[in-house]
Amino acid sequence: MPDILSQGFFVQDAAPRNWAEQFVRDVLMPMLPESMAAHFSVELGMVLVMLGCAGIFVAVVPLLPLVLVLAERKVAARFQNRTGPMRVGPWGLLQTLADGVKLLFKEDYIPPQGDKLLFLLAPYVIFTCSFAVFAAIPFGQNILVSNFNIGIFYIMAISSVIVMGVIMAGWSSNSKWSLLGSLRSAAQIVSYEIPLGLSILTVVMLVESLSMEAIVANQAGGISDWLIFRTPFTFFAFFIFFISSIAEVNRTPFDLPEAESEIVAGFHTEYSGMRFALFFIAEYANMFAVSAIAVTLFLGGWEGILPDLAVFGGGFDILGGLPGFVIKTMGLVFLMMWLRWTLPRLRVDQLMNLCWKYFIPIAFFNILGTGIWGLIFPEDTPLSTGISIAIISIGLVQAYVFVGRRLGQKSQPQPSSA
Amino acid sequence: MEFTLKSLIFYGFALLTVTSGIVVVTVRNIVHAAFSLMVTLFGVAGLYVFLQADFLAATQVIVYVGGILVLILFGVMMTSDRLEMRIHIERGQLLLGGTIALALLMLLLTIIAKTPQWKNIVDEGEQLQPTTERIGNLILNGQFLLPFEVVSVLLLVALIGAALISRKEVRD
């Protein structure tokens, strides 16, 4: 029965895991009474299982933003020496839920001068693309929707469509703020996709596969096997990837597309109620998704910190490394929030300078360096990892000294020339 | 023909591609046409998946939707001052376009007539190998290294040219 469900839409790697077929054959079929089992084919069962999984997926993933929004407010409050939301529920835990209900009941305003069809469609384009990305992320051992042969490339392709939704929203609102916001966003996303893709390429060069499963499998065996420490170049690539990701999801210090002090709320200025909530949910889902991708590519995915232990030992094996994955991802999400509440917003020219004059040349250098490293150390050995970590440490110390000196020079009172 | 879930999805994609393609050429508003083209390109990517060309499908989306279409819309938004941007078609253009379309139709019909048999290779139990590795091997180890390098140099020239033209001192 070589149908689409057994093979998946995309070509699978050598051994397709086919958990759905296994589940139907071993678990579902014996449960049925004999009279029904005769009419029940494995294929139909798999369709049901797939639909069930998609249902769970669609129901659970939007809960993430719910948690993240509250976390962001609490983190922001801590940074500003406040308590944050405290009224709804214990410690304000139900605040986001209350906000969600409020948004549901708000008026669904459609600008009469705008383009109605595209205005209604735009939130769904962004929402769909944000969530389609999750299909290729391995959350844990055997916890992933589909093991594509081209996993990371699929993620890049789908997330590059989000910008179409942003343009759609900005243009159809027929408002200056929206249009300016969407133009800024388009320029920003298209620019930062280049260093992002190039730093992904360094990982792909080392793993020799585009499949997310293969990338995680390549990092099995503890923290020293994580791709970030494998070569000095992937170490830099991680930072370029992470910073470019922040720019891709339009967060401070790269939140020019929705800069409140300049263009109200950017491309979603005219949206209200549930349609606005869709943008909001998509933004936080994106934030989680890029962190999860960074963890998968550079920080070992669901593989644990210690060798031969799933996460904290045998006890969590059943979850297939999911707790470790979530902890690592949440760490990066927290880092994003930290940056947001610490750094001021960049100017447009600074934004473009950073991308085109610093990130892209460094990313190309990284690719060249990774290639040379691969020629010198064709196999990953303790020696190569040791040399890599030594180079990274020396580089970090140098950078610390350099930055310290620059800051020291800056803080000295400048002799006035006037 | 046996009806399977796969064929249903295939015809869904085909329908999506053709309908949105018709909308692209009939609608008068250029921005609507561009967004409809997005759906067409998506549909074509879906059809590529059915041909087991997964790498090509993702490339299609990333290059055409994420790159070229965004630039088209960028251009339209930068240059138009009104929401309604309409296309004006003159009679001469209609004649020329019609002729080219007719010629293309003839070409496609000839190809369709010459195709010996219609079959879905996957349904017959053949499983194709992932294409990414083969594409990479053909480009870097094999016979397509020179064209690949020529194209990359061409892109570099275009990049430098664009940067040069957009510089103020050259424009003035």
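Residues numbered from 1 in each chain as written. Chains lettered and ligands numbered in written order. Predicted model: local features only at pLDDT ≥ 70, side-chain atom pairs only at ≥ 80, totals over all residues. Heavy atoms only, no water.

### Looking at a nonpolar patch on the surface
Part 1 of the argument: On the surface, Leu96(B), Ile100(B), Leu102(B), Leu104(B), Leu105(B), Leu107(B), Leu108(B), Leu109(B), Ile111(B) and Ile112(B) cluster together into a nonpolar patch covering about 980 Å² of accessible area.
Part 2 of the argument: Structurally, the position occupied by Leu104(B) is in helix α4 (residues 91-114). (Patch = residues over 30% accessible without salt bridge, like charges linked within 9 Å, V, L, I, M, F, W, Y side chains within 5 Å. Areas by Shrake-Rupley, 256 points an atom, 1.4 Å probe, with all protein chains shown as cover. Salt bridge = Lys/Arg side-chain N within 4 Å of Asp/Glu carboxyl O. Helix = DSSP H or I, 4+ residues; strand = E, 2+ residues; numbered from the N terminus.)

### A few points about the domain arrangement of chain B
Residues and elements named next belong to chain B.
Part 1 of the argument: Once the domains are mapped, chain B shows domain 1 (1-99) and domain 2 (128-172).
Part 2 of the argument: Roughly 380 Å² is buried in total at the junction of domain 1 and domain 2, and carbon and sulfur atoms are behind 62% of that figure.
Part 3 of the argument: It is Gln-52, Asp-54 and Phe-55 that lose the most area in domain 1 upon contact with domain 2, and together they represent 89% of the buried surface on that side.
Part 4 of the argument: At the surface where domain 1 touches domain 2, the tally comes to 0 salt bridges.
Part 5 of the argument: Between domain 1 and domain 2 we count 0 residue pairs in polar contact (both at pLDDT 80 or more) in total.
Part 6 of the argument: Of the residues belonging to the side of domain 1 that touches domain 2, the class tally is 3 nonpolar, 1 polar and 1 charged. (Domains from an automatic or database assignment. Buried area = accessible area lost by both parts, 1.4 Å probe. Polar contact = N/O pair within 3.5 Å; in protein donor to acceptor, adjacent residues only side chain to side chain. Nonpolar A, V, L, I, M, F, W, Y, C, P; charged D, E, K, R; others polar.)

### A few points about empty space enclosed by the protein
Vacant regions in the atomic arrangement are exposed by a probe of water-molecule size rolled over the atoms.
Residue and element names in this part refer to chain A.
Part 1 of the argument: This model, assessed by the stated rule, comprises 3 cavities of 30 Å³ or more.
Part 2 of the argument: Counted as a void, the largest cavity has a volume near 390 Å³.
Part 3 of the argument: Residue lining of the largest cavity: 27 residues in total, with Ser-159, Ile-162, Glu-248, Val-249 and Asn-286 positioned closest to the centre.
Part 4 of the argument: Looking at the lining of the largest cavity, the elements with two or more residues in it are α8 (151-159), α9 (162-172), α10 (176-207), α13 (232-248) and α15 (273-298).
Part 5 of the argument: With 7 residues, the single largest contributor to the lining of the largest cavity is α15. (1 Å grid on protein atoms, 1.4 Å probe; cavity = no way out; pocket = protein on both sides within 12 Å on 5 of 7 lines; lining within 4 Å. Points joined across faces, edges and corners; volume = space filled by probe spheres on them.)

### Let's talk about the pattern of salt bridges
All names here are of chain A.
Part 1 of the argument: Overall, the coordinates contain 4 salt bridges over all chains when judged by the stated rule.
Part 2 of the argument: With its nearest N and O atoms 3.1 Å apart, the salt bridge here joins Arg-340 to Glu-72. Within this pair, whereas Arg-340 is found in helix α16 (residues 322-340), its partner Glu-72 is found in helix α5 (residues 63-79), the two being separated by 268 residues in sequence.
Part 3 of the argument: Here Arg-73 ties to Asp-99 by a salt bridge, and the two come within 3.0 Å at their closest N and O atoms. Here Arg-73, found in helix α5, pairs with Asp-99, found in helix α6 (residues 95-105); they are 26 residues apart in sequence, far enough to count as distant.

### Concerning the nonpolar core
A general trend in soluble globular proteins is that nonpolar side chains are found buried together.
Residue and element names in this part refer to chain A.
Part 1 of the argument: Phe-134, Ile-137, Met-164, Leu-297 and Phe-298 are the most contacted members of the largest nonpolar core, which totals 111 residues.
Part 2 of the argument: Of all the elements, α15 adds the most residues to this core, at 14 residues.
Part 3 of the argument: If we ignore the near neighbours within four places in the chain, the residues touching Phe-134 are Phe-57, Val-61, Leu-64, Phe-139, Ala-285, Phe-288 and Ala-289. (Core = buried A, V, L, I, M, F, W, Y, C linked by side-chain atoms within 4.5 Å. Buried < 20%, exposed > 50% of the residue type's maximum accessible area, 1.4 Å probe, protein only. Contact = heavy atoms within 4.5 Å.)

### Some points on the packing of α9(A) against helix α2 (residues 30-50) of chain B
Part 1 of the argument: Interhelical geometry of α9(A) versus α2(B) gives an angle of 155° and a closest axis separation of 12 Å. The orientation of α9(A) relative to α2(B) falls into the category roughly antiparallel. Viewed along their axes, α9(A) and α2(B) form a crossing whose handedness is left-handed. Taking contact as the criterion, the partners of Met164(A), Ile167(A), Met168(A) and Trp171(A) in α9(A) are, on α2(B), Val31(B), Phe35(B) and Met38(B).
Part 2 of the argument: Of the residues in the contact of α9(A) with α2(B), the class split is 7 nonpolar, no polar and no charged. (Axes fitted to C-alpha atoms, helices over the stretch in contact; angles between N-to-C directions. Parallel < 35°, antiparallel > 145°, perpendicular 65-115°, else oblique. Left-handed = near helix turned anticlockwise from the far one by under 90°.)

### Here's the deal with the environment of Gln60(B)
Part 1 of the argument: Its location among the elements puts Gln60(B) in helix α3 (residues 54-79).
Part 2 of the argument: With 15 residues separating them along the chain, Gln60(B) and Ala45(B) place their C-alpha atoms 6.1 Å apart.

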